[in-house]
Amino acid sequence: MSSALTDLFPLPIVQAPMAGGVSVPHLAQAVSEAGGLGFLAAGYKTADGMYQEIKQLRGLTTRPFGVNLFMPQPDYADPAAVDVYAHQLAGEAAWYETELGDRDSGRDDGYDAKLAVLLDNPVPVVSFHFGVPSSEVLESLRRVGTVTLVTATTPDEALAVQRAGADAVIAQGVEAGGHQGTHRDNPETDGTGIGLLSLVAQVRETVSLPIVAAGGIMRGSQIAAALAAGAGAAQLGTAFLATPESGANALHKQALTNPLFVRTELTRAFSGRPARGLVNRFLREHGPYAPAAYPEVHHLTSPLRKKAAASGDAQGMALWAGQGHRMARELPAGQLVEVLAAELDAAATALPAFPKGGTPR
């Protein structure tokens, strides 16, 4: 792992940036203070909202942390398909007594404004999802002392990340909860994602960049497996979603281990882009018909999801979760980092090829 990154946090544990109000400053603080790398999620926030969270986090800790940005999305959605889906959702709007959202609420997530803030007020780490930033953007962040990471879901995407000049690649396996960070949303590839360990091994043989492994990791032994496959650190999202510091809705946290929700699926139902969530009524009824239209579908369903949460109806919420969700532990985030580190050491001790600390010989 590049010393520029590992010098920032002593343990190979990264808290995934989970948009939608989950990755709040107190969660990032707890993870960073415990020796991992905490992250803020700038997705779906304004540039000022992102800046205010950065200020708050800096008031809570002097430890390094990261901020995640969503890449602007190309306009390739079929308006007619979005119209059909909006018509289908009319019944949901009536049920929740609300209106559908404005599908044309924006495609770039305030990307340029957020970059400007991060260049004027540099943070230790910035990661990117849904595509690769330009070489100029990555170089400008490097000049202000920021380490850059970019998500990839295939070896070819990892190669694009390396060519652009990022400092490290996040190899996201198909097991991951929330949105897949594919660089281009191609419906023809739905259901063809690569499992994490296979992906890490393939990326390791494709690029020379340091790798952060992401996807379904809930235990220290799984971190050890990712390190053995060639990663230098592991990024965990669902594992931290259930912590008290997480900003996730209480219904979302409870659903992770609720026997009513027995499995996850990749779906376009809530956002128009493939994302893994717990299978509930909304996903079952609308997932098969949702078009490839992000962020139009995300904007359409936003009021529905908010009203479902406000009314205590988990069956209408986007319950993002990785495949290991049943292994979630309701521990304070700092304690969870300590437990994961102890499990990693135990796994390393059990394998002669691994010295204590989990770094391959």
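To be clear, the structure that these remarks concern was listed above.
My aim in this report is to walk through the structure given alongside it, one point at a time. Source: prediction; values computed, not measured. (Residues numbered from 1 in each chain as written. Predicted model: local features only at pLDDT ≥ 70, side-chain atom pairs only at ≥ 80, totals over all residues. Heavy atoms only, no water.)

**Focus on the overall build of the protein**
Going by this rule: Per the convention used, a helix needs a DSSP run of H or I reaching at least four residues, while a strand needs a run of E reaching at least two, with both numbered from the N terminus. The globule rule used here is 2.2 Å times the number of residues to the 0.38 power, and the radius of gyration it is set against is calculated over C-alpha atoms. Note on definitions: a residue-residue contact is assigned when non-hydrogen atoms from the two residues lie within 4.5 Å. Only four residue types enter the tally: Lys and Arg on the positive side, Asp and Glu on the negative side, with His and both chain ends excluded. Charge coordinates come from a single atom per side chain, which is NZ of Lys, CZ of Arg, CG of Asp or CD of Glu.
Of regular secondary structure, the protein possesses 15 helices and eleven strands. Relative to the 2.2 N^0.38 estimate, which gives 21 Å for 361 residues, the radius of gyration of the protein is 19 Å and therefore close to what a compact globule would have. With the C-alpha coordinates of the protein rotated into their principal frame, the extents come out at 60 × 45 × 40 Å. Within the protein, counting contacts between residues at least 6 apart in sequence, those at least 24 apart form 69% of the total. If you average the places of the 27 positive and of the 35 negative side-chain charges in the protein, the two averages end up 5 Å apart.

**Examining the sheet that holds strand S9 (residues 233-236)**
The line we're drawing: Two strands pair if DSSP finds at least two bridges between them. To get an axis, fit a line to the C-alpha atoms, keeping to the stretch in contact for a helix; angles then go from 0 to 180 degrees between the N-to-C directions.
Judged by pairing direction, the sheet is parallel, and its eight strands sit side by side in the order S1-S9-S8-S6-S5-S4-S3-S2 without closing on themselves. Either end of the sheet is taken by a strand with one partner, and the two such strands are strand S1 (13-15) and strand S2 (38-41). Sheet twist, expressed as the mean angle between neighbouring strand axes with direction ignored, is 25°. Examined bridge by bridge, strand S4 (residues 125-129) and strand S5 (residues 147-152) share four bridges and lie parallel to one another. Note that in S5 the partner of Val-125 across the bridge is Val-147. Contacting S2 and strand S3 (65-70), helix H3 (residues 47-60) crosses the sheet at an angle of about 170° to S3.

**Some thoughts on the pattern of salt bridges**
To keep it simple, the criterion reads: Criterion for a salt bridge: a side-chain nitrogen of Lys or Arg within 4 Å of a carboxyl oxygen of Asp or Glu.
Applying the stated criterion across every chain yields a total of twelve salt bridges. Residue Glu-92 is joined to Arg-281 by a salt bridge in which the shortest nitrogen-to-oxygen separation is 2.7 Å. One end of the pair, Glu-92, is in helix H5 (residues 90-95); the other, Arg-281, is in helix H13 (residues 281-286), with 189 residues separating them in the sequence. The network of salt bridges with shared partners includes Glu-92, Arg-281 and Glu-285.

**Quick look at the sheet that holds strand S10 (residues 264-267)**
Overall, antiparallel pairing links the three strands, which are arranged S7-S11-S10 in an open sheet. Of all strands in the sheet, those bounded by a partner on one side alone are strand S7 (178-179) and S10. As judged from the two bridges shared by S7 and strand S11 (residues 275-278), these two strands associate in the antiparallel manner. When the sheet's bridge partners are listed, His-179 is paired in S11 with Ala-275.

**Things to note about the nonpolar core**
Looking at soluble globular proteins, one finds that nonpolar side chains tend to be buried together. Keep this limit in mind: In this text, buried Ala, Val, Leu, Ile, Met, Phe, Trp, Tyr and Cys residues form a nonpolar core when linked through side-chain atoms within 4.5 Å. Exposed residues in this analysis have more than 50% of their type's maximum accessible area, buried residues have under 20%, and partly exposed residues fall in between, with area computed by a 1.4 Å probe over protein chains only.
Ranked by internal contacts, the top residues of the largest apolar core, which has 98 residues, are Val-67, Leu-69, Phe-128, Ile-223, Leu-236 and Phe-240. By residue number, the principal contributor to this core is helix H15 (residues 333-350), which donates six residues. The residues touching Phe-240, leaving out its near neighbours within four places in the chain, are Ile-13, Val-14, Gln-15, Met-18, Leu-27, Val-31, Ser-246, Ala-333, Leu-336, Val-337 and Leu-340. Judged by nonpolar contacts, the second largest core, of 14 residues, contains Leu-5, Val-147, Ile-170 and Ala-214.

**Regarding the layout of surface pockets**
What counts is decided by this rule: Method remark: on a 1 Å grid restricted to protein atoms, a set of points is classed as a cavity if a 1.4 Å probe fits but cannot get out and as a pocket if it is open with protein on both sides within 12 Å along at least five of seven lines; lining residues have an atom within 4 Å of a point. Grid points are joined across faces, edges and corners, and a volume is the space filled by probe spheres set on the points. As a working rule, the residues Ala, Val, Leu, Ile, Met, Phe, Trp, Tyr, Cys and Pro are called nonpolar, Asp, Glu, Lys and Arg charged, and the rest polar, with Gly in that last group.
Looking at the second largest pocket, its volume works out to about 410 Å³. Lining the second largest pocket are 23 residues, and of these Thr-189, Asp-190, Gly-191, Thr-192 and Gly-193 lie nearest its centre. Ranked by residue count, the leading element in the lining of the second largest pocket is S10, at three residues. In terms of residue class, the lining of the second largest pocket is built from four nonpolar, twelve polar and seven charged.

**With respect to the packing of helix H9 (residues 196-206) against helix H10 (residues 220-229)**
Basically, it comes down to this: Small angles under 35 degrees read as roughly parallel and large ones over 145 as roughly antiparallel, with 65 to 115 read as roughly perpendicular and the rest as oblique. Crossing handedness follows the turn of the near helix against the far one: under a right angle anticlockwise gives a left-handed crossing, and clockwise gives a right-handed one.
For the pair H9 and H10, interaxial distance at closest approach is 8 Å and the crossing angle is 25°. On the basis of their axis angle, the class for H9 and H10 is roughly parallel. Like other packed secondary-structure pairs, H9 and H10 cross with a definite hand, here right-handed. Contacts from Leu-197, Val-200, Ala-201 and Arg-204 in H9 reach Ala-225, Ala-226 and Ala-229 in H10. Tallied by class, the residues present in the contact of H9 with H10 amount to six nonpolar, no polar and one charged.

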